[in-house]
Amino acid sequence: MAEYVSLFRLYLLRGMYLLNAVLLGAGVWIEFMHRQAPWEPLPGVAFGFWAALAVLSALGIRYPLAMLPILFIQLFYKTFFLLAVSVPLRAVGRSTDLTRGFVVAIVLDVIVIPWGFVLARYIRQPADKWK
């Protein structure tokens, strides 16, 4: 029964994937189309990652449970950013514009992710065979 995910929860997931696809996708494509010079390697990696996240989030609209790892990636990278970048900056009296948006995204991820399903599917279910 823990693997059961309600239709309402599936629509919440789809809404989250749609939000990711639209907001991330729009931001990445605007930046891509209007850049004046080639990106340096690290910003290029970041924008490539965000572009991939947007495209895979669009796929999550159709397959919300199969694409849950996309939400895990988002939850973990934003949590890591807060702990490794935002908190230390705040400790020295500085901040970043990303903090508020990342906190909102983390809260939404925690609310939307069907944790009973995650526990049943990713923790309790036997792993795939190695051989």
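This one's a predicted model, so the numbers in the text were calculated from it and none came from an experiment.

Caption draft 1: Spotlight on the nonpolar core. Counting residues in hydrophobic clusters, the biggest one holds 22 residues, and the most contacted among them are L13, Y17, L68, L71 and I113. Taken together, the elements giving at least two residues each to this core come down to α1 (7-34), α2 (41-62), α3 (68-91), α4 (98-112) and α5 (115-124). Per-element tally for this core: the top contributor is α3, with seven residues. Ignoring anything within four residues of it in the chain, the contact list for L71 reads L13, M16, Y17, N20, D109 and I113.

Caption draft 2: Local environment of the side chain of K78. Turning to its location among the elements, K78 is positioned in helix α3. Buried charged residue K78 carries no salt bridge. Nearest counter-charge: D109, at 6.2 Å. Setting aside its immediate chain neighbours within four residues, K78 contacts F102, A105 and I106.

Caption draft 3: Up close: the packing of aromatic side chains. Within the structure shown, the criterion is met by nine aromatic pairs. Both rings, one in W29 and one in F32, keep their centres 5.4 Å apart while their planes meet at 85°; by these two values the pair is edge-to-face. Residue W29 and its partner F32 are both found in helix α1; the two are separated by three residues, about one turn of the helix. Chaining the aromatic ring pairs together yields one cluster made of W29, F32, W39, F47 and W50. A cation over a ring is seen here: R14 above Y11, with NZ or CZ 5.5 Å from the ring centre. The ring of W39 carries R35 above its face, with NZ or CZ at 4.7 Å from the centroid.

Caption draft 4: Here's a closer look at α2. In this model α2 runs 33 Å from its N-terminal to its C-terminal C-alpha over 22 residues, within 8% of the 32 Å that 1.5 Å per residue would give. Looking at α2, one finds that the buried residues are F47, L53, A54, S57 and G60. With its buried residues spanning 130° around the axis, α2 presents them on a single face. With respect to the buried face of α2, the exposed residues turned more than 90 degrees away are P41, V45, V55 and R62. Residues of α2 that are buried in the fold lie against α1 and α3.

Caption draft 5: Representation of the packing of α1 against α4. At a closest axis distance of 10 Å, the pairing of α1 and α4 adopts a crossing angle of 155°. Our classification of the angle between α1 and α4 gives roughly antiparallel. Helix-helix and strand crossings are classified by hand; for α1 and α4 the assignment is left-handed. Only A105, L108, D109, I111 and V112 of α4 make contact with α1, whose side of the interface consists of R9, L12, L13, M16 and L19. Here the contact of α1 with α4 is composed, by residue class, of eight nonpolar, no polar and two charged.

Caption draft 6: How the structure looks around the packing of α3 against α5. Here α3 crosses α5 at 110°, and the two axes come no closer than 12 Å. By the criterion of interaxial angle, the relationship of α3 to α5 is roughly perpendicular. Across the interface between the two elements, L68, P69, F72 and L75 from α3 touch W115, F117, V118 and Y122 from α5. A class-by-class count of the residues in the contact of α3 with α5 yields eight nonpolar, no polar and no charged.

Reading the values: the criteria
- Residues numbered from 1 in each chain as written.
- Predicted model: local features only at pLDDT ≥ 70, side-chain atom pairs only at ≥ 80, totals over all residues.
- Heavy atoms only, no water.
- Core = buried A, V, L, I, M, F, W, Y, C linked by side-chain atoms within 4.5 Å.
- Buried < 20%, exposed > 50% of the residue type's maximum accessible area, 1.4 Å probe, protein only.
- Helix = DSSP H or I, 4+ residues; strand = E, 2+ residues; numbered from the N terminus.
- Contact = heavy atoms within 4.5 Å.
- Lys, Arg positive; Asp, Glu negative; His and termini not counted.
- Salt bridge = Lys/Arg side-chain N within 4 Å of Asp/Glu carboxyl O.
- Phe/Tyr/Trp six-rings, centres within 6.5 Å; stacked < 30°, edge-to-face > 60°.
- Lys NZ or Arg CZ within 6 Å of the ring centre and 35° of its normal.
- Expected span 1.5 Å × (residues − 1).
- Arc of directions from axis to C-beta.
- Axes fitted to C-alpha atoms, helices over the stretch in contact; angles between N-to-C directions.
- Parallel < 35°, antiparallel > 145°, perpendicular 65-115°, else oblique.
- Left-handed = near helix turned anticlockwise from the far one by under 90°.
- Nonpolar A, V, L, I, M, F, W, Y, C, P; charged D, E, K, R; others polar.

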